[in-house]
Amino acid sequence: MDKKLQRFQVLKYVIADFVAAFMAWFIFISYRKVNNDFGFSQIKEQIIIDDYLAVGLIIIPVFWLLLYLATGSYKRVLRRSRLAEFGQTLFISLIGVLIIFFVVLLDTEVQASRNYYHSFLMLFIFHASLTSIFRFILSSRAAHKIHNRIIGFNTLIVGSQKKAISIFEEIESQVKSSGHKFVGFVNVSPNEKLLLKEHLSHLGEFKDVKSIIEKYQVEDVIIAIESREHKKINKILADLYETDVVIKVIPEMHDILLGSVKMTSIFDAPLIQIQQGLMPPWQQTIKRFIDISASIFCFIVLAPVFLITAIGVKLSSPGPVIYSHERIGLNGKPFMMHKFRSMYVDAEKKGPQLSCENDPRITPFGRFMRKVRLDEIPQFYNVLLGNMSLVGPRPERQYYINQIVKKAPHYKLLQKIKPGITSWGQVKFGYAENVKEMIERMKYDLLYLENMSLVIDFKILIYTVLIILQGRGK
């Protein structure tokens, strides 16, 4: 689907939400004036000079837009179920009205009128109703265009045999389209007869899938491989996870019997959508806010520690105080990570090496820094820049990633989230001394990926602090 069209749809949502918030606040203030026994001849004058109305018309709609943005309401608006959107709108409206009442309306005037709960309910009804109506109109018009194949999501099929043909024909024969606009297919096994080629364009082999996705602006990928190709599923998913596509697979009968197939639409073909265990948008927003706040706080409070550590590094051995080197971050993008130098200069002149117990390359002061994690402090700068988070898988060098992926291709899943100063793997396993241990540690980081939440982050941070206080780092 054209990205301009998607941005235009988001813009329509933003305008509709702004107008709904504007109207809801105006109606609410007007209702309060009438309810407080103002005469109808006085309403116009009272509303115009009302401070709350002025605040509402200027600030309240902007507040709602920021709240919707923080909770991810403007992400993938063309894919959202109308029923799910209605439920989300009610929940966010409830949270927003609570904030407005505690910040703006909870004063002596409201308390004296003894209509606190009544006023709260009225504002919630006005806002939720108007917002839901406008959104329902927009989502219904979008659904009509999708069902009638006016718009659709560029879709690629991974597979070329009978199952690929079956799912292609089923989706194409739908009376009401589920939104898949096929651009072609890629084959997984070489030297096989491409049966799907009679129905759909062959775009190449799966090894070139990332460049194909970029070239054809693919948004959805349907994995329709044969049973004999299932051993390749880990590699297929690992490569697709490096992209931003929606991944769907054909369910086997045992998936249906076990309840793995969740219906999202009456008209869709039976497909399992692969859900990655990422935080919901509102938690991601809070996580980023905590990252920034904690980093600024640490820079201020730990300023003396910064100075003392820098002096210690300088006195321990010749060379720079800060050691900067390239690591791989979110979506496989490289960035420069900064640490206090804990090794002698030219420690890796023979090539990249992992540190080990009694590593002669580490300075005496560097050994102390590693035990209490002082060498990690400059990484708060990376957190402020947005390259890292407080909690997330440890960023690795491309040299080691290449070795890990050969044995464990699903390592690439970890590149879907920001790397962190500390992680579940760091807490449970610690630093790795070889590629085998890096793969062992990866298991904990994959568990974190599937269970990401603010609660888990807080637990990891608490255990990290305990490790620092007890000097159990290495």
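Since we're looking at a predicted model, the values are computed, not measured.

Cut-offs applied
Residues numbered from 1 in each chain as written. Predicted model: local features only at pLDDT ≥ 70, side-chain atom pairs only at ≥ 80, totals over all residues. Heavy atoms only, no water. Helix = DSSP H or I, 4+ residues; strand = E, 2+ residues; numbered from the N terminus. Buried < 20%, exposed > 50% of the residue type's maximum accessible area, 1.4 Å probe, protein only. Contact = heavy atoms within 4.5 Å. Phe/Tyr/Trp six-rings, centres within 6.5 Å; stacked < 30°, edge-to-face > 60°. Lys NZ or Arg CZ within 6 Å of the ring centre and 35° of its normal. Expected span 1.5 Å × (residues − 1). Arc of directions from axis to C-beta. Axes fitted to C-alpha atoms, helices over the stretch in contact; angles between N-to-C directions. Parallel < 35°, antiparallel > 145°, perpendicular 65-115°, else oblique. Left-handed = near helix turned anticlockwise from the far one by under 90°. Nonpolar A, V, L, I, M, F, W, Y, C, P; charged D, E, K, R; others polar. pLDDT = per-residue confidence, 0-100. Salt bridge = Lys/Arg side-chain N within 4 Å of Asp/Glu carboxyl O. Polar contact = N/O pair within 3.5 Å; in protein donor to acceptor, adjacent residues only side chain to side chain.

**Student:** How should I be thinking about the overall build of the protein chain in this particular structure?
**Tutor:** Looking only at helices and strands, one finds 19 helices and 10 strands in the protein chain. Per-residue burial over the protein chain gives 47% buried out of 474 residues. Partitioning the contacts of the protein chain with sequence separation of at least 6, the portion at a separation of at least 24 is 73%.

**Student:** I keep staring at the packing of aromatic side chains and nothing clicks. Help me out?
**Tutor:** Think of a pair of aromatic rings as described by two things: how far the centres are apart, and how the planes are tilted against each other in angle. Counting across every chain of the model gives 12 aromatic pairs. Consider the rings of tryptophan 25 and phenylalanine 28, whose centres lie 5.7 Å apart with planes at 45°: the pair is tilted. Of this pair, tryptophan 25 and phenylalanine 28 are both found in helix 1 (residues 3-35), three residues apart, which corresponds to roughly one turn of the helix. Classification of tryptophan 25 as buried rests on a relative accessible area of 1%. Owing to a relative accessible area of 0%, phenylalanine 28 belongs among the buried residues under this scheme. Ring geometry for phenylalanine 365 versus phenylalanine 368: centroids 6.0 Å apart, planes at 40°, classification tilted. Of this pair, phenylalanine 365 and phenylalanine 368 are both found in helix 14 (residues 364-371), three residues apart, which corresponds to roughly one turn of the helix. Assessed through its relative accessible area of 23%, phenylalanine 365 is described here as partly exposed. One aromatic cluster is present, built from ring pairs that chain together Trp25, Phe28, Phe101 and Phe120. Note that arginine 79 overlies the ring of phenylalanine 153, its terminal NZ or CZ placed 4.0 Å from the centroid. Above the ring of tyrosine 68, the side-chain terminus of arginine 135 is found at 4.4 Å from the ring centroid.

**Student:** What exactly am I supposed to notice about unusual backbone geometry here?
**Tutor:** It is generally the case that most residues other than glycine have a negative phi and that most peptide bonds are trans. The phi dihedral of arginine 149 falls on the positive side, at around 60°, and the residue is not glycine. Residue position: arginine 149 is located in the loop between helix 7 (116-147) and strand 1 (153-158).

**Student:** Could you clarify how one ought to interpret helix 13 (residues 303-316) in this entry?
**Tutor:** An α-helical turn contains 3.6 residues, so any two residues separated by three or four positions project in the same direction. Over its 14 residues, helix 13 extends 20 Å from the first C-alpha to the last, a length consistent with the 20 Å expected when each residue adds 1.5 Å. Regarding helix 13, the residues found buried are Phe306, Thr309, Gly312 and Val313. Taken end-on, helix 13 shows its buried residues confined to a sector of 130°, consistent with a single buried face. Exposed residues on helix 13 whose side chains face more than 90 degrees from its buried face are Leu307, Ile308 and Leu315. Tucked into the core, helix 13 has its buried residues touching helix 12 (281-301), strand 8 (334-340) and helix 14.

**Student:** So what exactly am I meant to see when it comes to the packing of helix 16 (residues 398-407) against helix 18 (residues 435-450) here?
**Tutor:** When two helices pack together, their arrangement is given by the angle between the helix axes and by the axis-to-axis distance. Packing of helix 16 against helix 18 brings their axes to within 10 Å, and their N-to-C directions diverge by 70°. With respect to helix 18, the element helix 16 is oriented roughly perpendicular. The hand of the helix 16/helix 18 crossing is right-handed. Judged by residue contacts, Tyr400, Gln403, Ile404 and Lys407 of helix 16 engage Val435, Met438 and Ile439 from helix 18. Looking at the contact of helix 16 with helix 18, its residues break down into five nonpolar, one polar and one charged.

**Student:** So what exactly am I meant to see when it comes to the environment of phenylalanine 306 here?
**Tutor:** In this structure, phenylalanine 306 sits in helix 13. The class for phenylalanine 306 is buried, based on a relative accessible area of 17%. Considered as a pair, phenylalanine 306 and phenylalanine 340 are 34 residues apart in the sequence and their alpha carbons are 9.4 Å apart. Beyond its immediate chain neighbours, meaning those up to four positions away, phenylalanine 306 contacts Cys298, Phe299, Phe340, Ile377 and Pro378.

**Student:** Teacher, can you tell me more about the confidence of the model for the protein chain here?
**Tutor:** The predicted coordinates should not be examined in detail at positions where pLDDT is low. Of the residues in the protein chain, 86% reach a pLDDT of 70 or more, and the chain-wide mean stands at 83. Per-residue pLDDT stays below 50 along residues 253-261; that stretch engages in nine contacts with residues further than four places along the chain or on separate chains.

**Student:** Sorry, what's going on with the pattern of salt bridges here?
**Tutor:** When the charged atoms of two side chains with opposite charge come close together, those side chains can pair. Scanning all chains against the criterion turns up 13 salt bridges. A salt bridge links aspartate 244 to arginine 76; the shortest N-O distance between them is 3.9 Å. Taken as a pair, aspartate 244 in the loop between helix 10 (233-240) and strand 5 (246-249) and arginine 76 in the loop between helix 4 (60-70) and helix 5 (82-105) lie far apart in primary sequence, 168 residues in all. Taking the relative accessible area as the measure of exposure, aspartate 244 reaches 65% and is therefore exposed. Lysine 412 serves as the salt-bridge partner of aspartate 239, at 3.3 Å between the closest nitrogen and oxygen. Linking aspartate 239 in helix 10 with lysine 412 in the loop between helix 16 and strand 10 (420-422), this pair joins segments that are 173 residues apart in sequence. Across the pair, exposure class does not vary: aspartate 239 and lysine 412 are buried alike. Among the ionic contacts, a cluster of salt bridges with common partners joins Arg79, Asp220 and Lys248.

**Student:** In this structure, what is going on with the environment of asparagine 154? I would like to understand it.
**Tutor:** The residue asparagine 154 is located in strand 1 in this model. Sequence separation of asparagine 154 and valine 183 is 29 residues, and the distance between their C-alpha atoms is 6.2 Å. A polar atom in the side chain of asparagine 154 sits 3.2 Å from the backbone oxygen of tyrosine 216.

**Student:** Help me understand helix 16, please; the structure alone is not making it clear to me.
**Tutor:** Taken residue by residue, helix 16 has Tyr400, Ile401, Ile404 and Val405 as its buried positions. The arc enclosing the buried residues of helix 16, seen along the axis, measures out at 135°, which places them on a common side. In helix 16, those exposed residues whose orientation departs by more than 90 degrees from the buried face are Lys406 and Lys407. Considering only its buried residues, helix 16 is in contact with strand 7 (322-328) and helix 18.

**Student:** Sorry, what's going on with the environment of valine 345 here?
**Tutor:** With respect to the helices and strands, valine 345 occurs in the loop between strand 8 and helix 14. Along the chain, valine 345 and isoleucine 362 lie 17 residues apart, while their C-alpha atoms are 9.8 Å from each other.

**Student:** Help me out: how do you make sense of the side chain of arginine 135 in this one?
**Tutor:** Here arginine 135 is to be found in helix 7. Those residues in contact with arginine 135 that lie beyond four places of it in its chain are Tyr13, Asp17, Tyr68, Ser73, Tyr74, Glu85, Gln88 and Thr89.

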